Amino acid sequence: MTAVIVAGPRRRQRLRLGTGRERQDMTYVGFLGLGLMGQPMALNLTRAATPLLVWNRTPGRCEPLRAAGAEVAASPAEVFERAGTVILMLADETAVDTVLGRGTPDFAARVAGRTVVHMGTTAPEHSGGLRDDILDAGGRYVEAPVSGSRVPAERGELVAMLAGDDDAVADVRPLLAPLCRETFVCGPVPGALLMKFSVNLFLITLVTGLAEAFHFADRHGLDRNLLRDVLDAGPMASAVSRGKAPKLLARDFTVQAAAADVLKNNRLIARAARTAGLASPLLDVCHSLYAETVEQGHGDEDMAAVLRALETRTRG
């Protein structure tokens with residue numbers, strides 16, 4: 001019997017799981033990975049009365065969740081023992097494979113009868129392989145990357161893209177309501193990740209172009225505040241431009257989406273483009289600029305810090 005999510009007024013769940021035999025009822029949803037995005041996402045689930053069991057490699061990141069009413073697990077293994085649905089919001093493929101125990105005897109025991117929801121960003125082929133391994137072990141798998149940075153995560157205004165078997169996607173979709181303004185079903189795995197890559201390709205080139213526009217105006221002695229106002233009044237205004245323009249004006253590179261994470265995404269998208277034999281000239285230029293931004297020591301700053309790489313090239 002597979003996991004069934006029952007959505008009620010308080011969004012509590014009773015998950016009865018089995019792989020040919022009955023297993024204990026598990027009321028928890030697990031959440032692994034409480035980084036820049038994961039922590040506010042988990043907090044929103046807790047505030048929506050989701051019975052949450054969390055774990056993070058750095059224990060201090062769990063304390064706001066504990067204070068909000070979530071339970072903190074001692075290990076990933078404990079999360080899988082007590083949760084029927086487990087959300088992964090982890091940094092990379094190595095972190096995902098490690099917490100799942102992939103490639104070890106622990107893997108099947110952890111995922112059998114569970115629904116694993118992969119919300120991070122990894123290569124499509126990694127996600128496809130993960131799906132196959134989880135299904136072979138008797139679990140269910142949903143790919144659910146999100147579009148949005150820290151502020152939308154805090155506000156519960158992310159946009160999720162879902163891929164996987166229809167029944168698993170249908171069960172997971174209501175669980176994500178406290179996190180997301182909208183969710184979109186993108187067919188089989190890795191359709192959700194490829195959709196996110198398409199969205200992020202536009203985002204990366206958009207923010208880089210915005211930074212270059214402000215750099216151009218600045219070097220021509222124009223009023224950059226006036227540039228912001230003109231942009232806001234015109235057809236190119238967007239939530240992205242309205243969010244990043246003030247950061248460029250103030251040189252406020254407090255992180256919302258880290259430059260190092262953007263570079264990681266850029267690499268994944270470029271690899272997917274090459275695999276499909278696609279040209280991606282704008283992405284390739286951005287790839288170089290974000291690599292330079294990170295090399296200059298600004299990887300932990302917001303993606304708007306790509307302005308620094310543009311300035312360095314100008315000084316050249």
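Everything numeric in this text was worked out from a predicted model, so none of it was measured.

This paragraph deals with the overall build of the protein chain. Helix and strand counts for the protein chain stand at 14 helices and 11 strands. Scaling as 2.2 N^0.38, a compact globule of 316 residues should have a C-alpha radius of gyration of about 20 Å, and the protein chain matches this with 21 Å. With respect to the three principal axes, the spread of C-alpha positions in the protein chain is 70 × 45 × 35 Å. Here the protein chain holds 316 residues, and the buried ones make up 51% of them. Once local pairs closer than 6 in sequence are excluded, the contacts in the protein chain between residues at least 24 apart make up 65%. Accessible area of the protein chain: about 14100 Å², with a carbon and sulfur share of 55%. For the protein chain, the distance from the average site of its 36 positive side-chain charges to the average site of its 36 negative ones is 4 Å.

Now for the pairing of strand β4 (residues 52-55). Burial along β4 is two-sided: Leu 52 and Val 54 facing one way and Leu 53 and Trp 55 facing the other are all buried. Across four bridges, strand β3 (residues 28-32) lies against β4 in parallel orientation. Its bridge partner lying in β4, Phe 31 is registered against Val 54. In this view, the connection linking β3 to its parallel neighbour β4 by way of helix α1 (residues 38-47) has right-handed handedness. Where β4 and strand β5 (residues 71-72) come together, two bridges link them in parallel fashion.

Further remarks concern the pattern of salt bridges. Across all of its chains, the model carries 20 salt bridges by this definition. One salt bridge connects Asp 133 with Arg 102, and the closest N-O pair in it is separated by 2.9 Å. With Asp 133 in helix α6 (residues 124-136) and Arg 102 in the loop between α4 (93-100) and α5 (106-111), this residue pair connects regions lying 31 residues apart in the sequence. What makes Arg 102 partly exposed here is its relative accessible area of 23%. The shortest N-O distance in the salt bridge between Glu 311 and Arg 251 comes to 2.7 Å. With a gap of 60 residues between them, Glu 311 in helix α14 (residues 306-315) and Arg 251 in the loop between α11 (239-250) and α12 (259-275) connect regions that are remote in the sequence. According to the relative accessible area criterion, Glu 311 is buried, its value standing at 10%. With relative accessibility at 40%, the residue Arg 251 sits in the partly exposed group.

What follows concerns the pairing of strand β6 (residues 83-88). Counting buried positions along β6 gives six out of six residues, so the element sits mostly inside the fold. Inspection of the sheet shows β3 paired to β6 by five bridges, in the parallel sense. Its bridge partner being in β6, Tyr 28 is matched across the sheet by Ala 83. For β6 and strand β7 (residues 115-118), the ladder comprises four bridges, and the chain directions are parallel. Note on β7: the bridge partner recorded for Leu 88 is His 118.

Going from Val 189 to Pro 190, the amide bond is cis rather than trans, its omega being 5°. As for its placement among the helices and strands, Pro 190 is situated in the loop between β11 (180-185) and α9 (191-219). Here the phi dihedral of Ala 49 falls at roughly 70°; this positive angle occurs in a residue that is not glycine. Take Ala 49: it is sitting in the loop between α1 and β4. Among the residues examined, Ala 49 registers a relative accessible area of 17% and is labelled buried. Positioned with a positive phi, Arg 251 is a non-glycine residue whose angle comes to about 50°.

This part covers α9. Here α9 spans 42 Å end to end across 29 residues, near enough to the 42 Å set by a 1.5 Å rise per residue. Just downstream of α9, Gly 221 is the residue with a positive phi angle, here 70°.

We now examine the nonpolar core. Phe 197, Ile 204, Ala 211, Phe 214, Leu 248 and Tyr 290 are the most contacted members of the largest nonpolar core, which has 32 residues in total. Secondary-structure elements contributing two or more residues to this core are α9, α11, α12, α13 (281-298) and α14. Excluding its chain neighbours within four sequence positions, the residues that come into contact with Leu 248 are Leu 210, Ala 211, Phe 214, Arg 224, Ala 304 and Leu 307. Judged by nonpolar contacts, the second largest core, of 31 residues, contains Val 29, Leu 52, Leu 176 and Leu 179.

This part takes up the side chain of His 298. By the secondary structure assignment, His 298 is in helix α13. Using a relative accessible area of 16% as the deciding quantity, one classes His 298 as buried. Not counting chain neighbours up to four residues away, the residues in contact with His 298 comprise Ala 259, Thr 293 and Arg 308.

Conventions and cut-offs
- Residues numbered from 1 in each chain as written.
- Predicted model: local features only at pLDDT ≥ 70, side-chain atom pairs only at ≥ 80, totals over all residues.
- Heavy atoms only, no water.
- Helix = DSSP H or I, 4+ residues; strand = E, 2+ residues; numbered from the N terminus.
- Rg over C-alpha atoms; globule rule 2.2 N^0.38 Å.
- Buried < 20%, exposed > 50% of the residue type's maximum accessible area, 1.4 Å probe, protein only.
- Contact = heavy atoms within 4.5 Å.
- Areas by Shrake-Rupley, 256 points an atom, 1.4 Å probe, with all protein chains shown as cover.
- Lys, Arg positive; Asp, Glu negative; His and termini not counted.
- Charge placed at Lys NZ, Arg CZ, Asp CG, Glu CD.
- Pairing = 2+ DSSP bridges.
- Right-handed = clockwise from strand over helix to strand, strands pointing away.
- Salt bridge = Lys/Arg side-chain N within 4 Å of Asp/Glu carboxyl O.
- Expected span 1.5 Å × (residues − 1).
- Core = buried A, V, L, I, M, F, W, Y, C linked by side-chain atoms within 4.5 Å.

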